Amino acid sequence: MLTVSDSSARLCLYAIASSILRHVKPAECFSSPSASSVPSMNHIKSIIIDFNKQHPQEELSRDASTAPIEQIKNELHNNKIIISYIIYSADFAPTTELSTSEYEKFSTSRHADCINLFDNYKTSLIRCEKLNEQSINIRWKATWIPSGSTWLFNFATDVGWRVNRKSPDPAVVSTFSWKAVFDTFSTAFATGNITLPISCVEGNTLLTIKQVKGEADIGKGGELSVTIKESIDLVSEADKNRIQNRRVAQELASWLDVSRRPPNFNVDDWAGMVRQRILTSVPGAGALDVDPNESDAEGALVLLLFGIISVTVLEISFQFFTMPELVGGTGNIPLRCDDAEILEFGSGYLSECFGPFEDPIL
């Protein structure tokens, strides 16, 4: 049974606890120390998403396959937070320490090279995910028109066809089929839709932010380090010998040559590393290799058609040069031409006999 003194003591303790809680913020009671050690990852995530939602006219100038360090740096600088350095690594590139300006120059330069060398080159953000209080994963995609296929896209645009883009299956050996070509164009003429190949590379950029000095919290100042680790899906597939399509492999190797060579890395050494890792295990990926036919019978049919076309062209040419307008109404070359000076074909013989653009003078 409680006494009066016990009740008074409990009421006193309750009053003291209530007074303390009124002066303490809930976040200070329950937040972990690491949560305030770096800026909010939700804030960094919003910067990345906003960067990739800029006006369409700015689409070519931004590279969704790299972290927008310049935008993140400027936003944090407004809150007195400094990015001290960047630790960069990728599938081929060893771990390298860069300043923010060096990374920005490197990423901007390689993106500009891709735009200049690959037709209709574009990058896009697939998704941006917060992994924990220090890391964000950026899922991106890069696409372009394969070499040698630009004329097909231009032709389809000029004709007014709707182009459906499809990236080849990297696990399927590429073959050539005249039947497939015929089916593609017959469908295009019948429906107004044509399916054309597009090169596509997808990958991840893992962005991790860590405290270097100070509190590094929004509004409180401090210094941060940023770790950027890139991985490319097709490179992983190549390491497992799963890429069997030589066109996919060659386009990937060309893209890696241009877009992922690390700063201060020898061009020839880099190209050799790419060839060794990407093209070695791919059937028919040599410089002079061509795609095999799906059917040997198609090859024989094409040879037969080529022979028929050649004979037809020769027949038409013979008929043209023996027309009465050229050799005279009798079907014989005029006698005057027998003694005419013979010059190089196309510049003298017919002109000497008949005069320029006139009937022969008999």
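Everything that follows concerns the structure shown earlier in this document.
Residues numbered from 1 in each chain as written. Predicted model: local features only at pLDDT ≥ 70, side-chain atom pairs only at ≥ 80, totals over all residues. Heavy atoms only, no water.

**Student:** Provide a residue-level description of the packing of aromatic side chains, including the pertinent values.
**Tutor:** This structure, assessed with the given rule, holds 13 aromatic pairs. Here Phe 265 and Trp 270 contribute two aromatic rings whose centre-to-centre distance is 5.6 Å and whose plane-to-plane angle is 75°, an arrangement assigned as edge-to-face. Taken together through their ring pairs, the aromatic side chains of Phe 118, Tyr 121, Trp 140, Trp 144 and Trp 255 make up a single cluster. Sitting above the plane of the Phe 92 ring, Arg 277 keeps its charged end 4.5 Å from the centroid. (Phe/Tyr/Trp six-rings, centres within 6.5 Å; stacked < 30°, edge-to-face > 60°. Lys NZ or Arg CZ within 6 Å of the ring centre and 35° of its normal.)

**Student:** Let's hear about the pairing of strand β1 (residues 81-89): which residues, and what values?
**Tutor:** The pairing of β1 with strand β2 (residues 96-98) spans three bridges and is antiparallel. When the sheet's bridge partners are listed, Tyr 88 is paired in β2 with Thr 96. Following β1, the chain reverses through six residues before pairing antiparallel with β2. (Pairing = 2+ DSSP bridges. Helix = DSSP H or I, 4+ residues; strand = E, 2+ residues; numbered from the N terminus.)

**Student:** If you had to explain the nonpolar core to someone new, which residues and values would you point to?
**Tutor:** Note on soluble globular proteins: their nonpolar side chains tend to be buried together. Within the largest apolar cluster, 25 residues are counted, with the highest numbers of intra-cluster contacts made by Val 201, Leu 252, Trp 255, Leu 256 and Ile 278. Broken down by element, the residue count for this core peaks at seven residues, all from helix α9 (residues 246-259). Setting aside residues up to four positions removed in sequence, Trp 255 forms contacts with Cys 114, Phe 118, Tyr 121, Trp 140, Ala 142, Trp 144, Val 201, Ile 232 and Arg 260. (Core = buried A, V, L, I, M, F, W, Y, C linked by side-chain atoms within 4.5 Å. Buried < 20%, exposed > 50% of the residue type's maximum accessible area, 1.4 Å probe, protein only. Contact = heavy atoms within 4.5 Å.)

**Student:** Tell me about a nonpolar patch on the surface, and please be specific about residues and values.
**Tutor:** Taken together, the side chains of Trp 151, Phe 155 and Val 159 define a hydrophobic patch exposed on the protein surface, amounting to about 300 Å² of accessible area. Checked against the element boundaries, Trp 151 lands in helix α6 (residues 150-159). (Patch = residues over 30% accessible without salt bridge, like charges linked within 9 Å, V, L, I, M, F, W, Y side chains within 5 Å. Areas by Shrake-Rupley, 256 points an atom, 1.4 Å probe, with all protein chains shown as cover. Salt bridge = Lys/Arg side-chain N within 4 Å of Asp/Glu carboxyl O.)

**Student:** Break down the side chain of Glu 251 for me, citing the residues and quoting the values.
**Tutor:** Residue position: Glu 251 is located in helix α9. In this structure Glu 251 touches Trp 144, Pro 146, Ser 147 and Ser 199, once residues within four positions along its chain are discounted.

**Student:** Go over the packing of α9 against helix α10 (residues 267-279), please, and point to the residues and values.
**Tutor:** A packed helix pair is summarised by two numbers, namely the angle formed by the two axes and the spacing between the axes. At a minimum axis separation of 10 Å, α9 and α10 run at an interaxial angle of 155°. One way to sum up the angle between α9 and α10 is to call them roughly antiparallel. In this structure, α9 meets α10 at a crossing whose hand is right-handed. Contacts between α9 and α10 involve Ala 249, Gln 250, Leu 252, Ala 253, Leu 256 and Asp 257 from the former and Trp 270, Ala 271, Val 274, Ile 278 and Leu 279 from the latter. Counted by class, the contact of α9 with α10 contains nine nonpolar, one polar and one charged residues. (Axes fitted to C-alpha atoms, helices over the stretch in contact; angles between N-to-C directions. Parallel < 35°, antiparallel > 145°, perpendicular 65-115°, else oblique. Left-handed = near helix turned anticlockwise from the far one by under 90°. Nonpolar A, V, L, I, M, F, W, Y, C, P; charged D, E, K, R; others polar.)

**Student:** Can you lay out the pattern of salt bridges for me, pointing to particular residues and giving the numbers?
**Tutor:** In the structure shown here, the tally under the stated rule is nine salt bridges. Between Glu 70 and Lys 73 there is a salt bridge; the shortest N-O distance is 3.6 Å. Of this pair, Glu 70 and Lys 73 are both found in helix α4 (residues 69-77), three residues apart, which corresponds to roughly one turn of the helix. Owing to a relative accessible area of 24%, Lys 73 belongs among the partly exposed residues under this scheme. Residues Glu 202 and Arg 139 are paired through a salt bridge, measuring 2.9 Å at the closest nitrogen-oxygen approach. A residue pair is termed long-range when its members are at least 10 positions apart, and Glu 202 in strand β7 (residues 199-217) and Arg 139 in strand β4 (residues 135-145) qualify at 63 residues.

Any functional reading would require information that these geometric values do not contain.
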